[in-house]
Amino acid sequence: MDCTLVYLVAYAGTLACIGAIAYKVRSYIKKPVHVRWELYPVAHDSERAAYGGSYLEDADWWKNRQKPSFIAGMKGLLIELLFLHLTLETNTKLWYRTYPFHLGLYLLIGGILFTCLTAVARIMGIEPGIVLTAMGNIVQVLSVLGFLGLIAGGAGLLHRRLSQPDLKRYSTREHFINLCAFILLGLIGLLTWLGNPSFFVMARDFTVSMITFSFAPMDSFLFSFYITFGFIMAAYVPMTHMGHFFMKYFLYHDIRWADQPTQDNPATQKKIGIVLGFPVSWKASHIQGDGKKTWAEVATTNPTKPKE
Amino acid sequence: MKAPLNLRDVSTVRGNLADIAEEDLIQLPIDMENIPWKPLGEEAKDKYCCLLDDMLVLQIPRPQTPREEEELVNRFLEGMRKLFTPENNWTFLPMLETSMNYCAQCNSCSDACHLFEASGKNEMYRPNFRSEIFRRIYKQYIAGEPFAKWRYGDIGLNWMTVARLGELAYRCNLCRRCAQSCPIGVDNGLIAREIRKLFSQELGINPPELHDNGSMLQLSTGSSTKMNALVVRDNVEFINEDFSESTGYEFTTPWDVEGADILLIHNAGEIMAWPENIAAFSIIFQAAGLSWTLSSDLAAYDSINYGTFYDDVQFARTALLHAQAAKKLGVKKIVLGECGHAHKALTVIADRILPQELNVPRESCFPILRDIVLSGKIRFDQTRNDFPVTLHDPCNVVRLMGINKPQREILRHLCPQFREMTPHGVENYCCGGGSGFAIMSRNNIEAWRNNISGRRKMRQICGAFSECLGPETKKYVCAPCSNCKGQIREIIKHSGLLEKNSLQYGGVVELIVNAMVDVNPGFIKWEEE
């Protein structure tokens, strides 16, 4: 069957997903410097993270401050991302539902990456050997486990949102729509996987076709539906609160763990100079911002003293 | 218990939104007496928006006409828009915006909150309750998200919503334990602070204890205690004389010494309420042979910075005065005395507010005290501290700054019966007086602190002393923060826990001096004076 529309949706979905992520990331990093607002433990302090300590525990800390460990920071973030460690600690009942859901997504993303590799290998004319065959088998396994995770976890989350009064009160239409959409995606994927000889081969051939713009026809209606729905979801997710999957990096590294003192950081010093020149328009009588006075001027004005 | 609140109730319910029944409060193993909750008077109800729970922190003038009601909403929205502009809110915009956009509504934060737990899980205290109201207003009116009303639900924005949201921002101690438990990094404590800020910076509405009698008084006279430089120097002189005599250790407190290594800034409230803390610092620093000084410059003898709790502009003004005093004296560093919010304010938050020329190094007193105690410069007799001691971790010092070990190393060295609370360190619970409440006592605030906000901490304290709760064993709650001490003092005093349970409180430095061989025994007093 002619699947041009499916390919067009796939291209549009890919572009929209990348565009939305880029827009959100750019709009975050373009913001001016903010004050420090860290929260301990800070993972990149490799010596003290275990008990929540910081370099501020040393007298004259500015003389011998240990540099933050990039590896320890990434390790902390990865443990959180891969195992949803904080949810396990603070909300264990929810973790039993949300972890399969997230794990399902991770497995599917892993499957997509392997599929892309095999597609590139095919385009380059590499003969399928042991490695590529193994990768195909891995995709088969990752996909079915991913679908099951999405369905089981999504259903568990849906049930919890409906059955727990405290969670129900805070659940919106959007939560239910999102969860139903993911469960549906998992179900279509699972049916496609069960109803066809090889989900992997279909996925790889589709990827080859997409990369080479050959718009090859697809035999399975379910698979084309899965692809269409999947790319629509890919475009939609970063635009919602579910964008936390990439914004978490900034929430952790730029806010929660941002303990770098200004004195070590000429770039931050320069940025502080800029924000102190921003105009203030807060109206309260002790500020009287008129949209022209700067932060520096307002902060150096003592409202209790007569004007000079 | 009544049916739990729904978010929309904030705009529809007439009269009080919530009440806390005494039987819902968590139980304690000691005889703690609740302070009766008195209904607010008719005068207050006519004058202010009393719509939450018969506690009145913010005193928002009650609109008298539909036009005034509309004006309150419009001014609120105007302020809210400013909160989301980089020019007006560069200080906290990224944290606020991400907390608006990425919350998954999993409510993992709820069980982390001492207020939610202590109140018997009253919905009003769920950390996400006020945040989600604010978030929905943001999405519908500020961000203008497509179909926001349909997607998230309409909570209804009217003058009651605004008034309740303002007051709800003061049903939080800003301890940020909820933020610590959030897997995504959403910060409900920050949202409460931003709402407070909106009311202060745009509408000019703030608690008088924090603003008129707090930061404004500090900017005019130098201290929220009303002490000017002359009075503060007189009082410290009196402390020197009085404690030199009682301790048998002759000491002085240096003032305005140019070129000293250290500018020590105390919370001036200590001078009035806990002079032994001031004396203890002077004794220790003198015994250790440090080069140090206090400053009598405007605001520089009082480390408090109440702007931390409600207003960025007031915060910046005070922090600048502290830094300017240090610069003027040419000291090598500022050391902060036992005041938690002052620690966080000047060391961390001010770090990206002070221009580089005023960025004098700043540190906590605990590392330097630890180094002194462990250095062997001072002789100690640990048997003088041979009574059960537990440590309260001030949120600002521990969870928000990571200063965890130094104070413990001191206590382990000097106090043979030191024991931890559960949980402790970065997972501690707030004392219940955090974010300015410890200095407020009107309109049922005192009852709130005693019955609800301080309850979880008291349970922890009881747990730490579980085997010796009776009056026969003297026990010491070490709370190295003026605000926390104020809160714990009130609870101990109201229920007579010093008499009934021999429960005393104080800071770290008092324990150090109490164990000093060169000081007469008995620095810590076990009776009320």
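Residues numbered from 1 in each chain as written. Chains lettered and ligands numbered in written order. Predicted model: local features only at pLDDT ≥ 70, side-chain atom pairs only at ≥ 80, totals over all residues. Heavy atoms only, no water.

Would you take a moment to explain the overall build of chain A for this structure?
Helix and strand counts for chain A stand at twelve helices and zero strands. Listed N to C, the secondary structure of chain A is α-α-α-α-α-α-α-α-α-α-α-α in terms of helices and strands. At 25 Å, chain A has a C-alpha radius of gyration far larger than the 19 Å of a compact globule built from 308 residues. If one aligns the C-alpha atoms of chain A with their principal axes, the spans along those axes are about 85 × 50 × 45 Å. (Helix = DSSP H or I, 4+ residues; strand = E, 2+ residues; numbered from the N terminus. Rg over C-alpha atoms; globule rule 2.2 N^0.38 Å.)

Help me understand the overall build of chain B, please; the structure alone is not making it clear to me.
Per the secondary structure count, chain B includes 25 helices and eight strands. In terms of overall dimensions, chain B is globule-like: its C-alpha atoms have a radius of gyration of 23 Å, near the 24 Å expected for 529 residues. With respect to the principal axes defined by its C-alpha atoms, chain B has extents near 70 × 55 × 45 Å. Within chain B, the proportion of its 529 residues that are buried is 70%. For chain B, the proportion of contacts with a sequence separation of at least 24, taken over those separated by at least 6, is 78%. Carbon and sulfur atoms make up 49% of the accessible area of chain B, which totals about 16,600 Å². Side-chain charges in chain B split into 58 positive and 67 negative, and the spacing between the mean points of these groups amounts to 5 Å. (Buried < 20%, exposed > 50% of the residue type's maximum accessible area, 1.4 Å probe, protein only. Contact = heavy atoms within 4.5 Å. Areas by Shrake-Rupley, 256 points an atom, 1.4 Å probe, with all protein chains shown as cover. Lys, Arg positive; Asp, Glu negative; His and termini not counted. Charge placed at Lys NZ, Arg CZ, Asp CG, Glu CD.)

What exactly am I supposed to notice about the interface of chain B and chain A here?
How big an interface is tends to be stated in terms of accessible area lost as the parts join. Each partner contributes to the interface: chain B provides 92 residues, whereas chain A provides 78 residues. Among the residues chain B hides against chain A, the three largest losses belong to Trp90, Tyr102 and Arg352 of chain B. Together they make up 12% of the total. Joining chain B to chain A, the criterion identifies seven salt bridges. Note that Arg169 of chain A and Glu123 of chain B form a salt bridge whose closest N and O atoms lie 2.8 Å from each other. The tally of links between chain B and chain A comes to 49 residue pairs in polar contact (both at pLDDT 80 or more). Taken together, the residues of the side of chain B that touches chain A sort by class into 41 nonpolar, 25 polar and 26 charged. (Buried area = accessible area lost by both parts, 1.4 Å probe. Salt bridge = Lys/Arg side-chain N within 4 Å of Asp/Glu carboxyl O. Polar contact = N/O pair within 3.5 Å; in protein donor to acceptor, adjacent residues only side chain to side chain. Nonpolar A, V, L, I, M, F, W, Y, C, P; charged D, E, K, R; others polar.)

Hey, could you run me through the sheet that holds strand β7 (residues 475-478) of chain B in this one?
Strands in a sheet are paired, the pairing made by backbone hydrogen bonds, and the direction either parallel or antiparallel. Residues and elements named next belong to chain B. Across the sheet, which stays open at both edges, the four strands sit in the order β6-β5-β7-β8 with parallel pairing between neighbours. Bordering the open sheet on either side are β6 (418-419) and β8 (503-506), each of which pairs with just one other strand. Bridge count between β7 and β8: four bridges; the pairing is parallel. Bridging across to β8, Val477 finds its partner in Tyr505. Of the strands in this sheet, β5 (389-391), β6 and β7 touch helix α20 (residues 405-414), which is tilted by about 175° from β5. The strands touched by helix α23 (residues 482-495) within the sheet are β7 and β8, with β8 carrying the most contacts at an inclination of about 160°. (Pairing = 2+ DSSP bridges. Axes fitted to C-alpha atoms, helices over the stretch in contact; angles between N-to-C directions.)

Whenever I open this one, helix α10 (residues 244-256) of chain A confuses me. Can you help?
The α-helix winds at 3.6 residues per turn, so residues separated by three or four positions along the chain end up facing the same way. For α10 of chain A, with 13 residues, the first-to-last C-alpha span of 14 Å runs short of the 18 Å given by 1.5 Å per residue. Among the residues of α10 of chain A, His244, Phe246, Met247, Lys248, Phe250, Leu251, Tyr252, Ile255 and Arg256 of chain A are the ones counted as buried. For α10 of chain A, the secondary structure elements touched by its buried residues are α1 (4-29), α2 (70-83), α3 (85-90) and α4 (92-123) of chain A together with α5 (93-101) and α10 (177-181) of chain B. (Expected span 1.5 Å × (residues − 1).)

What am I meant to see in the sheet that holds strand β4 (residues 362-364) of chain B here?
Residue and element names in this part refer to chain B. Strand order in the open sheet formed by four strands is β2-β1-β3-β4, with parallel pairing between adjacent strands. Looking at the sheet topology across the chains shown, the edges are occupied by β2 (292-293) and β4. Bridge analysis of strand β1 (residues 262-265) against β2 gives two bridges, and the strand direction is parallel. Residue pairing across strands places Ile262 opposite Trp292, the latter belonging to β2. Helix-sheet contacts for helix α17 (residues 312-329) involve β1, β2 and β3 (333-336), and the interaxial angle to β1 is about 150°.

I'm lost on the pairing of β7 of chain B in this one. Help?
Along any regular strand, the residues point their side chains to alternate faces of the sheet. Residue and element names in this part refer to chain B. Along β7, one buried face is formed by Lys475 and Val477 and the opposite face, lined by Tyr476 and Cys478, is buried too. Bridge analysis of β5 against β7 gives three bridges, and the strand direction is parallel. Counted as the bridge partner of Val389 is Tyr476 from β7.

Looking at this model, I keep getting lost on the pattern of salt bridges. Mind explaining?
A pair can form between side chains of opposite charge whenever their charged atoms are brought close. With the rule as written, the count across this model stands at 49 salt bridges over all chains. A salt bridge links Asp381 of chain B to Arg384 of chain B; the shortest N-O distance between them is 4.0 Å. If you follow the salt bridges from partner to partner, you end up with Arg36 and Glu38 of chain A together with Asp351 and Arg362 of chain B in one network.

What's the story with the packing of helix α15 (residues 275-287) of chain B against helix α19 (residues 365-375) of chain B in this structure? I'm lost.
Between two packed helices, what matters for the description is the angle formed by their axes and the separation of those axes. Residue and element names in this part refer to chain B. Where α15 meets α19, the closest approach of the two axes is 11 Å, and the angle between their N-to-C directions is 50°. In terms of axis orientation, α15 runs oblique to α19. Handedness of the α15/α19 crossing: left-handed. Listed contacts from α19 to Phe281, Ile284 and Phe285 of α15 are Cys365, Ile368, Leu369 and Ile372. Here the contact of α15 with α19 is composed, by residue class, of seven nonpolar, no polar and no charged. (Parallel < 35°, antiparallel > 145°, perpendicular 65-115°, else oblique. Left-handed = near helix turned anticlockwise from the far one by under 90°.)

Would you take a moment to explain the packing of aromatic side chains for this structure?
Within a pair of aromatic rings, the relevant descriptors are the distance that separates the centres and the angle that separates the planes. Per the stated rule, a full pass over the model turns up 34 aromatic pairs over all chains. When the centroid spacing of 5.1 Å and the interplanar angle of 80° are considered together, the rings of Phe245 of chain A and Phe246 of chain A count as edge-to-face. By relative accessible area, which is 44% here, Phe245 of chain A ends up partly exposed. Seen from their ring centres, Phe285 of chain B and Trp292 of chain B are 5.3 Å apart, and the 85° between their planes marks the pair as edge-to-face. Using a relative accessible area of 0% as the deciding quantity, one classes Phe285 of chain B as buried. Take Trp292 of chain B: its relative accessible area is 6%, and that puts it in the buried class. Through a chain of ring-to-ring contacts, the aromatic side chains of Tyr7, Tyr11, Phe147, Phe199, Phe206, Phe213, Phe215, Phe223, Tyr226 and Phe231 of chain A assemble into a single cluster. Sitting over the face of the ring of Tyr55 of chain A, Arg65 of chain A holds its NZ or CZ atom 4.9 Å from the ring centroid. Across the ring face of Tyr429 of chain B, the terminal group of Arg177 of chain B is positioned such that the distance to the ring centre comes to 3.9 Å. (Phe/Tyr/Trp six-rings, centres within 6.5 Å; stacked < 30°, edge-to-face > 60°. Lys NZ or Arg CZ within 6 Å of the ring centre and 35° of its normal.)

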